[in-house]
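Here's the letter readout for the chains.
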Amino acid sequence: MKAFETVQSVAPDVQPWNVADAQALAAVIAGIGAEGLDPKDYQLAELQAAIARGPGGALDQAASRSFAWLVEDLRDGRTPMEARKQWFVVDPDPDRYRTADVMAQALRSHSVAATLASLNPEHPDYAALKAELATAAPAQRKLIRANMDRWRWLAKDLGSQYLITNVPEYQLRLTVNDKIISTYRTIVGKPGRTATPQLAETVEGVIFNPTWTVPQSIVKGEGLGAKVLGNPGWAKAAGYKGTRDPKTGFVTVVQQPGANNSLGLMKVDMPNPHAIFLHDTPNRNLFNQENRALSHGCIRTERAQELAITLAILGNLATTPETRKAAADEAVAISTSGKYTRVPVQKTMPVYITYFTMGRDITGKLRQFNDIYGRDAPVLASLDAPRQANRARATSEEAVEIVDDLQTT
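To keep things clear, this report deals only with the structure shown in the data block.

How each quantity is defined
- Residues numbered from 1 in each chain as written.
- Predicted model: local features only at pLDDT ≥ 70, side-chain atom pairs only at ≥ 80, totals over all residues.
- Heavy atoms only, no water.
- Helix = DSSP H or I, 4+ residues; strand = E, 2+ residues; numbered from the N terminus.
- Buried < 20%, exposed > 50% of the residue type's maximum accessible area, 1.4 Å probe, protein only.
- Contact = heavy atoms within 4.5 Å.
- Lys, Arg positive; Asp, Glu negative; His and termini not counted.
- Charge placed at Lys NZ, Arg CZ, Asp CG, Glu CD.
- Arc of directions from axis to C-beta.
- Salt bridge = Lys/Arg side-chain N within 4 Å of Asp/Glu carboxyl O.
- Pairing = 2+ DSSP bridges.
- Axes fitted to C-alpha atoms, helices over the stretch in contact; angles between N-to-C directions.
- Left-handed = near helix turned anticlockwise from the far one by under 90°.
- Phe/Tyr/Trp six-rings, centres within 6.5 Å; stacked < 30°, edge-to-face > 60°.
- Lys NZ or Arg CZ within 6 Å of the ring centre and 35° of its normal.
- Expected span 1.5 Å × (residues − 1).

1. A few points about the overall build of the protein chain
Stage number 1. Each helix and strand counted, the protein chain has 14 helices and 14 strands in total.
Stage number 2. Overall, the C-alpha framework of the protein chain stretches about 90 × 50 × 45 Å when taken along its three principal axes.
Stage number 3. The buried share among the 409 residues of the protein chain stands at 51%.
Stage number 4. Counted over contacts in the protein chain with a minimum sequence separation of 6, partners at least 24 positions apart contribute 72%.
Stage number 5. Between the centroid of the 46 positive side chains of the protein chain and the centroid of its 44 negative side chains there is a distance of 5 Å.

Structure, rendered in structure tokens:
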């Protein structure tokens, strides 16, 4: 769906409603439970009373208010930001589909129900959850509603090609034109301060044979700097290079590219204030474990070289068999060179790090995933609490920079 047209430079918050359009709005509210929302949040009785009195200021006020609240919840999600733990995604939809513009289009075309329905998330998992909600037992309904709402926290349209990982599922998907091209098992952050946050970032490049600048919490805090400088033979075998500033005495340690590098053979360049990224690991046996909440926040990805080569091809606009083969050959040569190489992408790709405790798994089956970080409780509680107006678009939570995700021994 295209962005809604701006009927005026600034469409008014309260707009004139006729009885037929208001009745259509009342019908949407009465059936909004099918979308996992609650009719009582949208002042249906007040709207019906205004409809009974006929056109005029009271109807305009009541219908505009109920419509706006529906737009906000269908477009942005009903859950207030303080209940979205470690959720750092800023949804672009309030700017793309401004409430007053959506209302103006609905009234101009007399298509209230269709206009509101067009705000629903386009991802097929939302439709799968909605279908399940229609037949679910009462005990399951609230969890389904919570996960339907999580889809609204993201952009309605995720793009033509993107990476998306569901942290509790320990899986990463590469999706192109709404089709899953490939899936990769993941290792994610341990519960607690090192839990993986939820982000929407952008792939700007792929780094083959990365180096790792060891954080000072390890260089100084764990004594690695002294060990590297004091035992050059061990340091060389482990791939570390250490330098000491002659003036300040500050020690820097960088692990060089190689099979034992803590980042493995690739790193996805996706700059963000949390220092979270997708990367390889030399400890690939850990992908066979069922519980893979093992890292300090970053996401380790199986078959990482394959993923890196694929991203290099997709990101550099290789569209014919010949150009794809040339791009693949070049990426393989770079990846096996043993030299640090950053391959920028001409076509950037979004990366979504999400947290769904119910959704379709990589086989397409709808199932429940363990709530490994305990993030369901505040969302479920918010569904029972009164609807909040004027909700914040961005979290006030601290961005915890991950600096010690990796192993030094």
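Having seen it, we continue.
2. Overview of the side chain of Glu302
Stage number 1. With respect to the helices, strands and loops of the structure, Glu302 is situated in the loop between strand E11 (299–301) and helix H12 (304–315).
Stage number 2. Looking at Glu302, the relative accessible area reads 12%, which means it is buried.
Stage number 3. Contacts of Glu302, omitting those with residues within four sequence positions, involve Thr183, Tyr184, Arg185 and Phe287.

3. Remarks on helix H14 (residues 376–384)
Stage number 1. Among all positions of H14, only Asp376, Val379, Ser382 and Leu383 are buried. In a view along the axis of H14, the buried residues occupy a sector of 135°, so they form one face of it.
Stage number 2. Elements in contact with the buried residues of H14: helix H8 (138–152).

4. A few points about the pattern of salt bridges
Stage number 1. Overall, the coordinates contain 21 salt bridges when judged by the stated rule.
Stage number 2. For Glu122, the salt bridge identified is with Lys156, shortest N-O distance 2.5 Å. Of this pair, Glu122 sits in the loop between helix H6 (112–117) and helix H7 (124–135) while Lys156 sits in the loop between H8 and strand E1 (161–166), and the two are 34 residues apart along the sequence.
Stage number 3. Classification of Lys156 by relative accessible area gives buried; the value is 6%.

5. A short note on the sheet that holds strand E5 (residues 212–213)
Stage number 1. Read across the sheet, three strands follow the order E5-E7-E6 without closing on themselves; strand pairing throughout is antiparallel. What marks the edges here is a single partner per strand, and that holds for E5 and strand E6 (240–244).
Stage number 2. Where E6 meets strand E7 (residues 251–255), five bridges bridge the pair, whose relative direction is antiparallel. In the strand pairing of E7, Tyr240 is matched with Gln255.

6. Concerning unusual backbone geometry
Stage number 1. Positive phi, close to 60°, is recorded for Tyr170, a residue that is not glycine.
Stage number 2. With respect to the secondary-structure elements, Tyr170 resides in the loop between E1 and strand E2 (171–176).
Stage number 3. Residue Ala275 is not a glycine yet carries a positive backbone phi of 60°.
Stage number 4. Following the sequence through the fold, Ala275 ends up in the loop between strand E8 (266–269) and strand E9 (278–279).

7. Some remarks on the pairing of strand E3 (residues 179–189)
Stage number 1. Two strands pair when backbone bridges link them, and E2 and E3 are joined in this way by six bridges, in the antiparallel orientation. From the neighbouring strand, Arg173 faces E3, where its bridge partner is Thr183.
Stage number 2. Counting the residues in the hairpin turn of E2 and E3 gives two residues, including Asn177, whose phi is positive at 50°.
Stage number 3. When E3 meets E11, the two strands line up antiparallel, connected through two bridges. From the neighbouring strand, Thr186 faces E11, where its bridge partner is Thr301.
Stage number 4. In this sheet, strand E10 (residues 293–295) lies alongside E3 in parallel orientation, the contact comprising two bridges. Residue Gly189 lies in a different strand from E10, and its bridge partner there is Ser295.

8. Structural notes on the packing of helix H3 (residues 57–76) against helix H5 (residues 99–109)
Stage number 1. Relative orientation of the contacting elements H3 and H5 amounts to 115°, with a least axis distance of 10 Å. Judged by the twist between their axes, the crossing of H3 over H5 is right-handed. Across from Ser64, Phe67, Ala68, Val71, Glu72 and Arg75 in H3, the residues of H5 making contact are Thr99, Val102, Met103 and Ala106.

9. Some thoughts on the packing of aromatic side chains
Stage number 1. For the structure on display, the rule yields six aromatic pairs.
Stage number 2. An angle of 75° between the planes, with centres 5.0 Å apart, marks the rings of Trp87 and Trp153 as edge-to-face. In this pair, Trp87 sits in the loop between H3 and helix H4 (93–96) while Trp153 sits in the loop between H8 and E1, placing the two residues 66 residues apart along the sequence. Each member of the pair, Trp87 as well as Trp153, carries the same accessibility label: buried.
Stage number 3. The ring of Trp234 has Lys227 sitting right over it, with the charged end atom 4.1 Å from the ring centre.
Stage number 4. Above the face of the Phe277 ring, Lys267 is positioned so that its terminal group lies 4.4 Å from the ring centre.

10. Brief notes about H8
Stage number 1. Taking 1.5 Å per residue as the helical rise, H8 with its 15 residues ought to reach 21 Å, and the 22 Å between its terminal C-alpha atoms agrees with that figure.
Stage number 2. Considering only its buried residues, H8 is in contact with H3, H7, E1, strand E13 (358–360), strand E14 (366–368) and H14.

11. Some remarks on the pairing of strand E12 (residues 341–354)
Side-chain positions along a regular strand alternate between the two faces of the sheet.
Stage number 1. Here E1 pairs with E12 via four bridges, running parallel. Its bridge partner lying in E12, Thr165 is registered against Ile353.
Stage number 2. In this structure, strand E4 (residues 199–208) lies alongside E12, joined through nine bridges in antiparallel fashion. Across the sheet, Phe208 pairs through a bridge with Thr341, a residue of E12.

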